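Chain and residue survey
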Amino acid sequence: MKKRYLIGNLKMNILSVEDTEQYLSVFRREMKGKKQESTVTVIAPPFPYLERFHKELPENAALGAQDVFWEKEGSYTGEVSYPMLKDIGTEYVIVGHSERRQYGRETDEDVARKVQALLKGNLRPVICTGETEDERRRGETAAVLEAQLRGALEDLSPMQAEKILIAYEPRWAIGTDRTPESEDILEAKVIIYRMVAAAYGAAVAERIPILYGGSVKASLLDRVCFSAQMDGVLVGRESLFPYEVAKMADIIENYQAPERREGKPEEG
Ligand code: PGA
């Protein structure tokens, strides 16, 4: 069964060990005894708290990081490498988030290098992609997604390609409480799916989870995930509420797909 992913990106929030403990204690309580057979729930805290999260996350959740540097070690002040992340139990790493592209001047080439590094370290990259509102208005969504992903999808073996996850996050939907229609999200998924299929074949493309991100909350899961035929969600603000993460994990786990939704392509 293809799994669905729920990834909570805590961003630069949770400012103390005390807050971390509080988050984890609520999260453990809310996740207790929850079956997660078809859902993978991942929390990506800020770097300083990764280790604590690793030690105290409930066993039905996995650890993610919000970024990585592409070199393994050396004189790179302020950077964090994949062996370090691996060593403290990280399994998933977000790369190319629009906030890193914006504030950290991260380029598509940087993202590609980070993906290569993570795969070398046997970590799973979550590659973020998405257009701005102007780009959408100009009809450039497909071109933007292709340009952002091209480098990251280059030179991978099919086995490596199967390790990646891709998140479609239209920039205008991040932090804004605006969300695209299910059809628009599905359209972006098809663009991404086709790109992966062209590079690695349909069998590999089928196995790569394509998530939606941007103002996700429990009440919107049907629109942005199920109706849009997405393989999960990347959640920012709402993931700061551990009980909301647990609630979304429940909804995703218990979702039953209707036999066939009328008028929706089976693609992806
Ligand atoms: P948001 O953030 O859920 O707060 O819109 C999403 C993201 O940045 O991945």
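Our subject in this report is the structure included herewith. Computed from a predicted model, the values in this text were never measured in an experiment. (Residues numbered from 1 in each chain as written. Predicted model: local features only at pLDDT ≥ 70, side-chain atom pairs only at ≥ 80, totals over all residues. Heavy atoms only, no water.)

**Comments concerning the packing of aromatic side chains**
Put simply, the rule is: Aromatic rings from Phe, Tyr and Trp, taking only the six-membered ring of Trp, are treated as a pair when their centres fall within 6.5 Å; an angle between ring planes under 30 degrees marks them as stacked, one over 60 as edge-to-face, and anything in between as tilted. Buried residues are those whose accessible area, probed at 1.4 Å on protein chains only, stays under 20% of the maximum for their type, while exposed residues exceed 50% and partly exposed ones sit between those limits. Here, a charge over a ring is recorded when the distance from Lys NZ or Arg CZ to the ring centre is within 6 Å and its angle to the ring normal is within 35 degrees.
Under the counting rule described, the total for this entry stands at eight aromatic pairs. Between the aromatic rings of Phe 241 and Tyr 243, the centroid separation amounts to 6.0 Å while the plane-to-plane angle is 45°, which identifies the pairing as tilted. Of the residues examined, Tyr 243 reaches a relative accessible area of 42% and is grouped as partly exposed. Across the ring face of Trp 70, the terminal group of Arg 113 is positioned such that the distance to the ring centre comes to 4.6 Å.

**Some words on the environment of Arg 223**
To keep things clear, this is the line we draw: Where helices and strands are cited, they refer to DSSP runs of H or I of at least four residues and of E of at least two residues respectively, numbered from the N terminus. The criterion used for residue contact is that any of the two residues' heavy atoms lie within 4.5 Å. Polar contact is the term for a pair of N or O atoms within 3.5 Å; when the atoms are in protein, one must be able to donate a hydrogen and the other to accept it, and sequence-neighboring residues count only if both atoms are side-chain atoms.
Take Arg 223: it is sitting in helix H11 (residues 221–226). Taking the relative accessible area as the measure of exposure, Arg 223 reaches 29% and is therefore partly exposed. In the structure, Arg 223 is positioned 43 residues away from Pro 180 in sequence and 8.7 Å away in space, judged by C-alpha atoms. Excluding its chain neighbours within four sequence positions, the residues that come into contact with Arg 223 are Thr 179, Pro 180, Glu 181, Ser 182, Ile 185 and Ala 228. Within the structure, Arg 223 has its side chain in polar contact with the backbone oxygen of Thr 179 (distance 2.7 Å).

**Some remarks on the site of the ligand**
Condition: We call a residue near a molecule or strand as soon as one heavy atom of that residue lies within 4 Å of the molecule or strand. Values of accessible area rely on a 1.4 Å probe in the Shrake-Rupley scheme; residue burial ignores everything except the protein chains shown. When residues are grouped by polarity, Ala, Val, Leu, Ile, Met, Phe, Trp, Tyr, Cys and Pro land in nonpolar, Asp, Glu, Lys and Arg in charged, and all others, Gly among them, in polar.
Taken together, Lys 11, His 97, Glu 169, Ala 173, Ile 174, Gly 175, Gly 214, Ser 215, Val 216, Leu 234, Gly 236 and Arg 237 make up the full set of residues near the ligand. The contact in question runs from an oxygen atom of the ligand to an N or O atom on the side chain of Lys 11, over 2.6 Å. Measuring from an oxygen atom of the ligand, one finds a backbone N or O atom of Gly 175 at 2.7 Å. Protein chains shield 99% of the accessible area of the ligand, which is 280 Å² for the free molecule. Across the shell around the ligand, the residue classes tally to four nonpolar, five polar and three charged.

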